[in-house]
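The lines below spell out each chain.
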Amino acid sequence: MARVFNFSAGPSVLPEVVLKQAADEMLDYKGSGMSVMEMSHRSKVYDNIIKEAEKDLRDLMDIPDNYKVLFLQGGASQQFAAIPMNLMKNGVADYIITGQWAKKACEEAKKYGKVNVVASSADKTFSYIPDCSDLPISEDADYVYICHNNTIYGTTYKKLPNTKGKILVADMSSDILSQPVNVSDYGLIYFGVQKNVGPAGVVIVIIREDLIRDDVPTYCPTMLKYKTQADNDSLYNTPPCYGIYICGLVFKWVKEMGGLSAMKIHNEKKAAILYDFLDSSKMFRGTVVKEDRSLMNVPFVTGNEELDAKFVKEATAAGFVNLKGHRTVGGMRASIYNAMPIEGVEKLVAFMKDFEEKNS
């Protein structure tokens, strides 16, 4: 069977060259006589894999030397608890709610301290990013939290919030490596890798060294303490070895594609193809205000639930899969991450045009 165009929000499409390399190395990784799945995480061979992955990520994102890179387990959702347990010195944090994931992170943080919601776009089903130029930042806030790109609702920050000197923490699960990032703007960046980097099971944390504390609450599990992971170079226990290996291959692929500046151009071109069609279509329309549109996740609707369902069914049969929108938005959503080729978006738009002509 031919490969489909996979528009899943995550786990999602991976570069075909990466999958082929992983397949070639499945039984014998570089003459080791074994798969990466089988080797000890304490072995010299695996040590080279994880160190090279970190080096390539540092190169791609130009991560300053005073930041640690941690390869962890538990997915991004586990960081909802790890962040307040590690960063709440005063027991206070400010959250900006722009979607389900920021909302869930906020609710989890409430278990560990006082949480203030300083801005939200819930009033319009998270279809925009609120004005964050002059927020009521708490004087004793330990950090300000955002979800940088909203997978479900298709919005993204084009300008970072004014945190008035407070540490900025960002979940970048769905747009990491899609464009250049000034890491120094943040105290902590984290991302589940299953959207734009690798297979599910790995979460990467980039944290400024001065935020890594030993005096975390006694109830903080050893495994969720950033100092535990930093002191042991992400090898306190057995890490998700194979997932990290795939991430490393994807980092090299992004480098070969020209790095993050080239990736941004590539992604802007892809997104423009789809958004331009949505803006001109009489049947389909986007659900996000134009100025806050994501390059990665594009939700759209016809305005008719039966027609939406028909479109998803026929698109799937035509090889455009995982286009059904999240239940809180309805309609459709095309996730067009780094590894989605321009050809996939062009063919999807051609299919949408044909569908519109036949069903108008």
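Residues numbered from 1 in each chain as written. Predicted model: local features only at pLDDT ≥ 70, side-chain atom pairs only at ≥ 80, totals over all residues. Heavy atoms only, no water.

Enquirer: How would you sum up the packing of helix 3 (residues 75-87) against helix 4 (residues 100-109)? Please name residues and give values.
Expert: Contact geometry for helix 3 and helix 4: axes closest at 9 Å, N-to-C directions at 45°. As the angle between them shows, helix 3 and helix 4 are arranged oblique. Helix-helix and strand crossings are classified by hand; for helix 3 and helix 4 the assignment is right-handed. Between helix 3, through Ser77, Phe80, Ala81 and Pro84, and helix 4, the contact on the second element is made entirely by Trp101, Lys104, Ala105, Glu108 and Ala109. Counted by class, the contact of helix 3 with helix 4 contains six nonpolar, one polar and two charged residues. (Axes fitted to C-alpha atoms, helices over the stretch in contact; angles between N-to-C directions. Helix = DSSP H or I, 4+ residues; strand = E, 2+ residues; numbered from the N terminus. Parallel < 35°, antiparallel > 145°, perpendicular 65-115°, else oblique. Left-handed = near helix turned anticlockwise from the far one by under 90°. Contact = heavy atoms within 4.5 Å. Nonpolar A, V, L, I, M, F, W, Y, C, P; charged D, E, K, R; others polar.)

Enquirer: I'd like to hear about the sheet that holds strand 10 (residues 203-208), residue by residue, with values.
Expert: Taken together, the seven strands give an open sheet; going across it, the order is 2-10-9-8-5-3-4, and neighbouring strands pair in mixed fashion. Two strands close off the open sheet at either side, each with one partner strand: strand 2 (67-72) and strand 4 (114-120). In this sheet, neighbouring strand axes are inclined to one another by 20° on average, regardless of whether the strands run parallel or antiparallel. Relative to strand 9 (residues 188-192), strand 8 (residues 168-171) runs parallel, the two sharing three bridges. The residue bridging Ala170 from the neighbouring strand is Ile189, located in strand 9. Where helix 3 meets the sheet, its contacts fall on strand 2, strand 3 (92-97), strand 5 (144-147), strand 8, strand 9 and strand 10, and the angle it forms with strand 9 comes to roughly 160°. (Pairing = 2+ DSSP bridges.)

Enquirer: Any chance you could break down the sheet that holds strand 12 (residues 297-301) for me, citing the residues and the numbers?
Expert: Strand order in this open sheet of three strands is 11-12-14, and the pairing throughout is antiparallel. Two strands close off the open sheet at either side, each with one partner strand: strand 11 (285-286) and strand 14 (332-335). The sheet contact formed by strand 11 and strand 12 spans two bridges and is antiparallel. The residue bridging Gly286 from the neighbouring strand is Phe300, located in strand 12.

Enquirer: Just give me the short version of the side chain of Asn196, but keep the residues and values in it.
Expert: Considering the arrangement of structural elements, one finds Asn196 in the loop between strand 9 and strand 10. Within polar-contact distance, the side chain of Asn196 engages the backbone nitrogen of Asn338 at 2.9 Å. The contacts of Asn196, once residues within four sequence positions are left out, are Ser12, Ser173, Asp175, Ile176, Leu177, Ser178, Val250, Met296, Tyr337 and Asn338. (Polar contact = N/O pair within 3.5 Å; in protein donor to acceptor, adjacent residues only side chain to side chain.)

Enquirer: Hey, could you go over the UniProt feature "binding site: pyridoxal 5'-phosphate" (unreviewed entry) in the protein chain for me, with residue numbers and the actual values?
Expert: On the UniProt side, "binding site: pyridoxal 5'-phosphate" (unreviewed entry) is annotated at positions that read Ala76, Ser77, Trp101, Thr151, Asp171, Gln194, Asn237 and Thr238 here. These annotated residues cover 163 residues of sequence, and their C-alpha atoms sit far apart, with the largest distance between any two at 30.7 Å. Mapping Ser77 onto the fold places it in helix 3. Examined against the element boundaries, Thr151 turns out to sit in the loop between strand 6 (149-150) and strand 7 (155-156). Setting aside anything within four residues of it in sequence, one finds Thr151 in contact with Ala9, Trp101, Ser174, Lys195, Asn297, Arg333 and Tyr337. (UniProt positions renumbered as here; feature names shortened; annotations may be inferred.)

Enquirer: Could you give me a rundown of helix 2 (residues 44-61), with the residues and numbers involved?
Expert: Taking 1.5 Å per residue, 18 residues should reach 26 Å; helix 2 reaches 26 Å between its end C-alpha atoms and fits that length. Buried within helix 2 are the following residues: Tyr46, Ile49, Ile50, Ala53, Asp56, Leu57, Arg58, Leu60 and Met61. Each element contacted by the buried residues of helix 2 is listed here: strand 2, strand 9, strand 10, helix 6 (241-256) and helix 7 (259-280). Remark: Asp62 follows helix 2 within two positions and exhibits a positive phi of approximately 50°. (Expected span 1.5 Å × (residues − 1). Buried < 20%, exposed > 50% of the residue type's maximum accessible area, 1.4 Å probe, protein only.)

Enquirer: Got a sec to walk through the side chain of Ser12? Specific residues and values, please.
Expert: When you line up the elements, Ser12 lands in the loop between strand 1 (5-6) and helix 1 (16-24). Engagement of the side chain of Ser12 in a polar contact is seen with the backbone oxygen of Lys195, the distance being 2.6 Å.

Enquirer: I'd like a description of the pairing of strand 9, backed by residues and values.
Expert: Burial within strand 9 is extensive, with five of its five residues counted as buried. Side-chain alternation along strand 9 places Leu188, Tyr190 and Gly192 on one buried face and Ile189 and Phe191 on a second face that is also buried. Across five bridges, strand 9 lies against strand 10 in antiparallel orientation. Note on strand 10: the bridge partner recorded for Gly192 is Val203.

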